[in-house]
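Each chain, written out:
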Amino acid sequence: MTNIIKVNTASPLEKVASYSRLIVVDNWIYVSNTAGRNPETKLIPDDLIEQTEQVFSNIEKALKVVNASLQDVVMSRVFIQTPADTHQVMEYIGTKFKGVNPATTVTNPSLGSQAYKVELEVTAYRGAGNATIQQISI
């Protein structure tokens, strides 16, 4: 039988929009698009990298609740509001995913607020960080 876990935070938007921060289906983990709002202070840093750090902090906290980590991420989707910020954001993300190397999509759409400079959505597979990896170059 399939086991499903739904994780929610205190985000008012989750309640209004009827979505979960994270859903686990067996070992597959789907983390909703995550912004850089600090859940305790409710503030969003103005600095691009500080905001990106907060995005990762929020995602790592959610993954930890279901016994997973960034090492288990197999796909990331990066949403950067301003195209000129892409290189700086991706350089930082490269430090967070060094050695993990998930499949990644990067795009520059309008986000839900001008305050959001970057958002990140990830898919993980619990245990992927400990799996045997075969690297193929084409």
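You'll find the structure just up there.
*Asks:* Quick rundown of the pairing of strand S2 (residues 22–25)? Include the residues and the values.
*Replies:* Along S2, the buried face is formed by Leu22 and Val24; none of Ile23 and Val25, which line the opposite face, is buried. Of the pairings in the sheet, the one linking strand S1 (residues 4–7) to S2 comprises four bridges and is antiparallel in character. In the sheet register, Lys6 faces S2, and the bridge partner there is Ile23. As judged from the four bridges shared by S2 and strand S3 (residues 28–34), these two strands associate in the antiparallel manner. Bridged to Val24 within S3 is Ile29. Hairpin connection between S2 and S3: a loop of two residues separates the two successive antiparallel strands, and Asp26 in this loop has a positive phi of roughly 55°.

*Asks:* Got a sec to walk through a negative patch on the surface? Specific residues and values, please.
*Replies:* Together, Asp46, Asp47, Glu50 and Glu53 make up a region of like negative charge exposed at the surface. Looking at the element boundaries, Asp47 is found in the loop between S3 and helix H2 (48–65).

*Asks:* Before we move on, could you go through helix H3 (residues 86–96) and cite the residues and values that matter?
*Replies:* Residue pairs spaced three or four apart in an α-helix point in one direction, given the helix's 3.6 residues per turn. Within the sequence span of H3, burial applies to Thr86, Val89, Tyr92 and Ile93. The arc that holds every buried residue of H3, seen down its axis, measures 140°, which confines them to one face. Opposite the buried face of H3, at more than 90 degrees from it, the exposed residues are His87, Glu91 and Thr95. On its buried face, H3 sits against H2, strand S4 (73–80), strand S5 (103–107) and strand S6 (118–125).

*Asks:* Can you lay out the sheet that holds S5 for me, pointing to particular residues and giving the numbers?
*Replies:* What the six strands build is an open sheet, ordered S1-S2-S3-S6-S4-S5; its pairing is mixed. Every interior strand has two partners, whereas the edge strands, S1 and S5, have only one. The average undirected angle you get between the axes of adjacent strands in this sheet is 10°. Relative to S6, S4 is paired through seven bridges, and the arrangement is antiparallel. Looking at S6, one finds that Met75 is bridged to Thr123. Sheet strands in contact with H2 are S1, S2, S3, S4 and S6, and its direction is about 25° off that of S6.

*Asks:* Before we move on, can you summarise unusual backbone geometry with the specific residues and values?
*Replies:* Here Ser18, not a glycine, exhibits a phi torsion of approximately 55°, which is positive. On the secondary structure map, Ser18 appears in the loop between helix H1 (12–17) and S2. Of note, Lys42 is a non-glycine position whose phi angle comes to about 70°, a positive value. By the secondary structure assignment, Lys42 is in the loop between S3 and H2. Look at Lys42 and you get partly exposed, because its relative accessible area is 43%.

Each value, and the rule that gives it
- In this convention, every chain numbers its residues from 1, walking through the sequence in written order.
- Per-residue local features are limited, in this predicted model, to residues with pLDDT of at least 70; the limit for side-chain atom pairs, both in listing and counting, is 80 or more; totals at the level of whole chains, interfaces and linings are taken over all residues.
- In computing side-chain properties, one takes all heavy atoms of the structure into account and sets aside hydrogens as well as water.
- The buried label applies to any residue whose accessible area, calculated with a 1.4 Å probe on protein chains only, is under 20% of its type's maximum; exposed applies above 50%, and partly exposed to all values in between.
- In DSSP terms, a helix is any run of H or I states spanning at least four residues, a strand is any run of E spanning at least two, and both are numbered starting from the N terminus.
- Whether two strands pair comes down to DSSP finding at least two bridges between them.
- For patch detection, residues must exceed 30% relative accessible area and be free of salt bridges, and they are connected within 9 Å for like charges or within 5 Å for nonpolar side chains (Val, Leu, Ile, Met, Phe, Trp, Tyr).
- Computed by Shrake-Rupley with a 1.4 Å probe, the accessible areas treat only the displayed protein chains as cover when residues are assessed.
- Just to be clear on terms, a salt bridge is a Lys or Arg side-chain nitrogen sitting within 4 Å of an Asp or Glu carboxyl oxygen.
- None of His or the chain ends enter the tally, which takes Lys and Arg as positive and Asp and Glu as negative.
- Each charge is placed at NZ for Lys, CZ for Arg, CG for Asp and CD for Glu.
- As used here, the arc belongs to the directions running from the helix axis to the C-beta atoms.
- Two residues qualify as a contact provided that any one of their heavy atoms is within 4.5 Å of a heavy atom in the partner residue.
- The axes are straight lines fitted to the C-alpha atoms, using for helices just the contacting stretch, and the angles between their N-to-C directions are given from 0 to 180°.

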